[in-house]
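# Fold and contact review
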Amino acid sequence: MVVVTHSGKFHADDAWAVAVLFILYPDSELVRTRDPATIEAADFAIDVGGIHDPATGRFDHHQKGFDTARPSGVPYASAGLVWREYGARCVASLALQHTGQTLGPEAAQQMAYAIDADIVQYLDLSDVGAAKNAPGGYGLSAVVSGFNPNWMDEQRLGYGEAADAYRLSQFRKAMALLTDIMINSVKYRVGALLALEQVRGAEVLEGGRLLFLNNGALPWTAVVRKEMPKVLFVISHSIAEQRYMIHAVPVSADSFDARADLPASWAGLRDADLARVTGVPDATFCHNGRFIAAAKSYEGIRELARLALLDAAQGPVAD
C-alpha cells in the first residue's frame, strides 16, 4: 500500500489518520507530497487531493462544498474521516495485539465511538479552527504541531532532500506518539470491559456501604457510581505498592465531590501523625483532599473504613 499525505507542515489530524492506516497496513509506504500524479496513483490519499471517497481511499476535507459532520455537529477533518471508516478495525487489531482479547464487531465499534468522542473529534475541531487548544497551548494538537521543524531548523537544513527527510522523520515521531495514545486508549477500554464482572462480584461489607477489591488497579468508579448507590467507600489491595487503600466514591465522572469524604481530621496527615489521630498503627497517609488514604495491612484499612463510615453517618452525605 502507498499512503500519501501532504508535504510541508503537518497537523495532528493527518498524523493520526496516517497512524491508523499504518496500524492496519504496517508494510505500507509513506509519501509526503503535493504532486497530483503521485496522489492519484496512491492507495490512500490523506488530507490532500481534494476528494472524500472512502471506497477509493480518498480522505480530504479541504475541497469546496465539503460539509460532512458528526451527528453532534462536530465537523470532520482527516483524522475523523479515517477513524469513522477504519476506527473499529483499528481498535480490534490493537486489542488483539496488546491485550490478547478478540473483540466482536459491536464491542470494537463502541470503543471506536468512545475514542472519537474523547480524542479524535478534538483533533478535527482544532484542525478546522473551531476549538482552542488546552490552556497553555498543550492540547494534543499543539503537542503534535511542535514536532514540525521551526525556523531555526529550516534555516539550518535549507530546501531540498535534507529538509524533506528531517520533516518526514518528525512526522513519523508524531505518528509514533499518536499510535501509543491509541494503544493506551484501547488497552484502558478493554481492561474496563474485562473488569466489569470482577467489580460487580467483589465482596460487599458493612451492610453494603463498603466494597473490597483484591486488585486496586481494577477500574471501578463507573460501575460503583452507576450500579452500587449504597457504597460510600471502596477498599482495595494495591498489588504494585503492597499496601491497602480506601477511596471515596465520586458522585460523577467530572467532579471531585464524593458520596462521603474521609474524616476532616485525617486530611494531609502521614505515618505517625495519622496513626495517632486514627488509632491505626500502620496507617500511612491521607490525601489533603480526603478522597484517598492508605494502610499497610488489610486489618488497618478495614479499621480506617469503619472509622470513615462512622464519621460519614454523623454528617451530611452527598447525593
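First things first, this report covers the structure right here in the doc. Everything quoted here is computed from the prediction, not taken from an experiment.

Criteria and cut-off values
Residues numbered from 1 in each chain as written. Predicted model: local features only at pLDDT ≥ 70, side-chain atom pairs only at ≥ 80, totals over all residues. Heavy atoms only, no water. Helix = DSSP H or I, 4+ residues; strand = E, 2+ residues; numbered from the N terminus. Buried < 20%, exposed > 50% of the residue type's maximum accessible area, 1.4 Å probe, protein only. Expected span 1.5 Å × (residues − 1). Contact = heavy atoms within 4.5 Å. Bend = angle between axes of the 7 residues up to and from the residue. Pairing = 2+ DSSP bridges. Axes fitted to C-alpha atoms, helices over the stretch in contact; angles between N-to-C directions. Right-handed = clockwise from strand over helix to strand, strands pointing away. Phe/Tyr/Trp six-rings, centres within 6.5 Å; stacked < 30°, edge-to-face > 60°. Lys NZ or Arg CZ within 6 Å of the ring centre and 35° of its normal. Parallel < 35°, antiparallel > 145°, perpendicular 65-115°, else oblique. Left-handed = near helix turned anticlockwise from the far one by under 90°. Nonpolar A, V, L, I, M, F, W, Y, C, P; charged D, E, K, R; others polar. Core = buried A, V, L, I, M, F, W, Y, C linked by side-chain atoms within 4.5 Å.

## So, the environment of Asp67
Along the polypeptide, Asp67 turns up in the loop between strand E5 (58–59) and helix H3 (78–99). With relative accessibility at 65%, the residue Asp67 sits in the exposed group. Sequence-wise, Asp67 and Ala77 are 10 residues apart; in three dimensions their C-alpha atoms are separated by 10.0 Å.

## Some remarks on helix H10 (residues 298–313)
The first and last C-alpha atoms of H10 sit 22 Å apart over 16 residues, in line with the 22 Å expected at 1.5 Å per residue. Taken residue by residue, H10 has Gly300, Ile301, Leu304, Ala305, Ala308, Leu309 and Ala312 as its buried positions. Along its buried surface, H10 packs onto strand E7 (210–213), strand E8 (233–238), strand E9 (243–248), helix H9 (271–278), strand E10 (283–286) and strand E11 (292–295).

## Re H3
Spanning 22 residues, H3 covers only 28 Å between terminal C-alpha atoms, well under the ideal 32 Å at 1.5 Å per step. Along H3, the helix axis deviates most sharply at Tyr86, where the bend reaches about 65°. Positive backbone phi, at 75°, marks Gly100, one or two positions downstream of H3.

## Topic: the sheet that holds E11
What the six strands build is an open sheet, ordered E6-E7-E8-E9-E11-E10; its pairing is mixed. Each of the sheet's edge strands pairs with one partner strand only, and the pair in question is strand E6 (203–205) and E10. The mean inter-strand angle of the sheet, taken between neighbouring strand axes irrespective of direction, is 20°. Direction of pairing for E10 relative to E11: antiparallel, over a ladder of three bridges. Its bridge partner lying in E11, Cys286 is registered against Ala293.

## A few points about the pairing of strand E1 (residues 2–5)
Direction of pairing for E1 relative to strand E2 (residues 29–32): parallel, over a ladder of four bridges. From the neighbouring strand, Val4 faces E2, where its bridge partner is Val31. Traced from E1 through helix H1 (residues 12–24) to E2, the parallel crossover comes out right-handed. Alignment of E1 against strand E3 (residues 44–46), held across three bridges, turns out to be parallel.

## A short note on the packing of aromatic side chains
Applying the stated criterion across every chain yields a total of seven aromatic pairs. Residues Tyr244 and Tyr298 carry aromatic rings whose centres are separated by 6.0 Å and whose planes lie at 70° to one another, so their mutual orientation is edge-to-face. Residue Tyr244 is located in strand E9, and its partner Tyr298 is located in helix H10; the two are separated by 54 residues in the primary sequence. Taking the relative accessible area as the measure of exposure, Tyr298 reaches 23% and is therefore partly exposed. Over the face of the ring belonging to Phe171 we find Arg32, whose NZ or CZ atom lies 4.9 Å from the ring centre. The aromatic ring of Tyr166 is capped on one face by Arg156, whose charged end is 5.5 Å from the ring centroid.

## Some words on the packing of H1 against helix H7 (residues 161–200)
The contact between H1 and H7 brings their axes to 8 Å, and the two run at 70°. Between H1 and H7, the interaxial angle falls into the category roughly perpendicular. The crossing of H1 and H7 is right-handed. Counting all contacts with H1, which are made through Ala12, Asp14, Ala15, Trp16, Val18, Ala19, Val20, Phe22 and Ile23, the residues of H7 involved are Phe171, Arg172, Ala174, Met175, Leu178, Thr179, Ile181 and Met182. Of the residues contributing to the contact of H1 with H7, the split by class is 14 nonpolar, one polar and two charged.

## Here we look at the pairing of E11
Every regular strand shows the same layout, with side chains that alternate between the two sheet faces. Alternating residues of E11 divide into Ile292 and Ala294 and Ala293 and Ala295, and every residue in both groups is buried. Note that E9 and E11 share four bridges and pair antiparallel. Considered in E11, the bridge of Met245 is made with Ala294. What sits between the antiparallel neighbours E10 and E11 is a turn of five residues, in which Arg290 has the positive phi angle 65°.

## Overview of the nonpolar core
Counting 46 residues, the largest nonpolar core has Trp16, Ile46, Trp83, Val91 and Met182 as its most contacted members. Top element by residues in this core is H1. It accounts for 11 residues. With residues up to four places along the chain from it excluded, the contact list for Val91 reads Trp83, Leu103, Ala108, Met111, Ala112, Ile115 and Val186. Formed by 25 residues, the second largest nonpolar core is a distinct cluster that contains Leu210, Ile235, Tyr244 and Ala312.

Bear in mind that shape data such as this cannot, by itself, settle questions of function.
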